Amino acid sequence: MAVSVKPKLITILCLVLFTGFLCVNLINYFSVKKTMRENEIYGSLPLTRDNIYTEIQRDLMRPVFVSSLMAHDTFLKDWVLHGEQNTATVEKYLQEIRSKYGFFTAFFVSETTGKYYYYDGILKTVHQGDPHDVWYYDFKNLHQDYDIIIDENQASEDTLTVFINHRLNDYDNNLLGVTGVGLELQRITNLLSAYQVKYDRDIYLVDRDGFIQMHPGGKILADNIYEEEGLKDLAQSALTVSELSGFYEFKRGGDNIFLTVRYVEELDWFLFVENNQSKSLEGLRKNLWQNMFLGLFVSIIVILINIFTVNIFQSRLEKMATTDELTGLLNRRAFEGEFRRAEAFAERNGSAFSIILFDLDGFKAINDTCGHSTGDEILKKVVLSAAEKIRQVDVYARWGGDEFIILAYGGEEIALAIAERIRAGIDLISCGGAPKVTVSCGVAKYIPGESMDSIIKRADRALYEAKKGGRNRVSAL
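None of these values were measured; they are calculated from a predicted model.

The rules behind these values
- Residues numbered from 1 in each chain as written.
- Predicted model: local features only at pLDDT ≥ 70, side-chain atom pairs only at ≥ 80, totals over all residues.
- Heavy atoms only, no water.
- Core = buried A, V, L, I, M, F, W, Y, C linked by side-chain atoms within 4.5 Å.
- Buried < 20%, exposed > 50% of the residue type's maximum accessible area, 1.4 Å probe, protein only.
- Helix = DSSP H or I, 4+ residues; strand = E, 2+ residues; numbered from the N terminus.
- Contact = heavy atoms within 4.5 Å.
- Pairing = 2+ DSSP bridges.
- Expected span 1.5 Å × (residues − 1).
- Polar contact = N/O pair within 3.5 Å; in protein donor to acceptor, adjacent residues only side chain to side chain.
- Salt bridge = Lys/Arg side-chain N within 4 Å of Asp/Glu carboxyl O.
- Phe/Tyr/Trp six-rings, centres within 6.5 Å; stacked < 30°, edge-to-face > 60°.
- Lys NZ or Arg CZ within 6 Å of the ring centre and 35° of its normal.

K.L.:
Could you give an account of the nonpolar core, with specific residues and numbers?
P.N.:
Membership of the largest hydrophobic core comes to 53 residues, with the highest contact counts inside it found for Val162, Leu267 and Leu271. Top element by residues in this core is helix α1 (residues 6-71). It accounts for nine residues. With sequence-adjacent residues up to four places away left out, Leu267 is seen in contact with Ile56, Leu60, Ile150, Val162, Ile188 and Leu205. In this structure, Phe358, Leu360, Val383 and Ile418 belong to the second largest nonpolar core, which totals 25 residues.

Have a look at this one:
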């Protein structure tokens, strides 16, 4: 009695499906994990860091500009040169600067009288013996137009303030005093908080000695990174001033942490931006298990379907459903599936692909002159010629009539080169005095998020431009 091969076939099919699905999911998991890691290291994390750095600089550059305007204001110079008469005048001036630009404070310190003027009157008289006034004498000795420091604001209950100090010189370039504005340090803290929520990153500022100066809230527990788990091992390297931004990886509480650091020269602090990679992978692992269970379910359904169809020439049906009978190429339906796969791959990995649409110039004249059977033979020769010019990875299909379509992986330049090879390779002579067979090609590069209909319409318009321009040419749109 003959032994049926169906159970063996189904068993093999089950093993292949289950093993294949497991391998594909695992390969996909590790591939996506690797991609996520690379995107975080070279993309998302540095971009977040640089965005915050730019925002901090923008917050500081505006007051620098305003303090420069104050230092070149003839009103302020003349007021000082005329003996600092009428304190209410300069008080009003500083009040308008503060209100107009939304600064925390605006001030002027006279070199002649030592008086510290601010928006609410005279705060004090500076002298070298007062620790609060060290900044003034240090700034004079710098011999620079301006400086940015962080200090306590005596006019506002010693609130930490970012001061932008600017030299005020007379018309002969002699020092009249120091003027400028101040920003409340809380503004920068609020900026860090906003970015921490927006990008789901842990963000904080650290001084040269490792003390955490600003931290909107997160998993940092110590006051100094030299005492923080994981960070203490790389603190010295991270706090080294360099033109290159630093990247580090360490463990904290069993989690894998990515860290990028950038020196903020204006504050003389370091910007630290962290991402918990273990937390980011939780969703990926969950998706892996979901795919595994879904794959198991789908595989069972597929097995049941195959049991039902194993004796009705499944392979032949699939071929009939996906290929063009005349040329043996993929048909329109099969091409649509290939496009969806390329689209998904491009969206996931950022890879590029293009569409090439081409048809025969004057094919109707060949059919009318030589007959449809000859026309079909010419179509087959054109298909074979074009197939030799494309790569194995590219998708080649008959779109309809004498129109063919190619999905070429790569940018527009690669697609244009392929299209030009196809055009140049068509060198057939039709019968009965009909014109030489040539092809016109239209090329369109895929734009992320674009539908298949949209890109094919663009390729079709490019093909139309090639026809309009004289045929036997390649056009891109």
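K.L.:
Quick rundown of the pairing of strand β13 (residues 395-400)? Include the residues and the values.
P.N.:
Remember that side chains alternate between the two faces of the sheet whenever the strand is regular. For β13, a buried count of five out of six residues is recorded, marking the element as mostly surrounded by other parts of the structure. Note that β13 and strand β14 (residues 403-409) share five bridges and pair antiparallel. Opposite Ala397, over in β14, you have Ile405 as the bridge partner. The loop that links β13 with its antiparallel partner β14 comprises two residues; one of these, Gly401, has a positive phi angle of about 60 degrees.

K.L.:
Now, about helix α9 (residues 332-349): what can you tell me, with residues and values included?
P.N.:
Look at α9: 25 Å from first C-alpha to last across 18 residues, which is about the 26 Å you get at 1.5 Å a residue. Looking only at α9, the buried set comprises Ala334, Phe335, Phe339, Ala342, Glu343 and Ala346. You can read the cap of α9 off the contacts: a side-chain oxygen lies 3.3 Å from the backbone nitrogen of Arg333, and it is on Asn331. Gly350 lies just past α9 and shows a positive phi near 75 degrees.

K.L.:
Explain the environment of Leu329 to me, using residue names and the numbers behind them.
P.N.:
Position of Leu329 among the secondary structure elements: in the loop between α8 (314-322) and α9. For Leu329 and Arg398, which are 69 residues apart along the polypeptide, the C-alpha to C-alpha distance reads 6.1 Å. Excluding residues that lie within four positions of it along the chain, Leu329 makes contacts with Thr322, Thr323, Asp324, Val383, Tyr396, Ala397, Arg398 and Phe404.

K.L.:
Give a description of the side chain of Asn331 that names residues and reports values.
P.N.:
Summarising the element assignment, Asn331 is placed in the loop between α8 and α9. For Asn331, a relative accessible area of 17% translates into the label buried. Discounting chain neighbours no more than four positions away, the residues touching Asn331 are Met320, Ala321, Thr322, Thr323, Asp324, Ala397 and Arg398.

K.L.:
Describe in detail the side chain of Asn224, supporting the description with residues and values.
P.N.:
Within the element layout of this structure, Asn224 appears in the loop between β8 (212-214) and α6 (235-238). A polar side-chain atom of Asn224 sits 3.1 Å from the main-chain carbonyl oxygen of Asp209. One polar contact links the side chain of Asn224 to the main-chain amide nitrogen of Tyr226, over a distance of 2.8 Å. Apart from the residues within four sequence positions on either side, Asn224 is in contact with Asp209, Gly210 and Phe211.

K.L.:
Describe the pattern of salt bridges, listing the residues and the values that go with them.
P.N.:
This structure, assessed with the given rule, holds 19 salt bridges. Here Arg201 and Glu40 are joined by a salt bridge, their closest N and O atoms 3.1 Å apart. Taken together, the residues Arg201 in the loop between α5 (186-199) and β7 (202-206) and Glu40 in helix α1 connect sequence positions 161 residues apart. Residues Arg201 and Glu40 agree in their burial class; the two are buried. Its salt-bridge partner being Asp133, residue Lys124 comes within 2.9 Å of it at the nearest N-O pair. Residues joined in a network through salt bridges with shared partners are Arg49, Asp50 and Arg262.

K.L.:
Can you lay out the packing of aromatic side chains for me, pointing to particular residues and giving the numbers?
P.N.:
Using the criterion set out here, one finds 23 aromatic pairs in the structure. Judged by centre distance (5.0 Å) and plane angle (75 degrees), the ring pair of Tyr118 and Tyr119 falls under edge-to-face. One aromatic cluster is present, built from ring pairs that chain together Phe107, Tyr116, Trp135, Tyr136, Tyr137 and Phe163. A cation over a ring is seen here: Arg262 above Tyr53, with NZ or CZ 3.8 Å from the ring centre. Here Arg332 stacks its cationic end above the ring of Trp399, 4.0 Å away from the centre of that ring.

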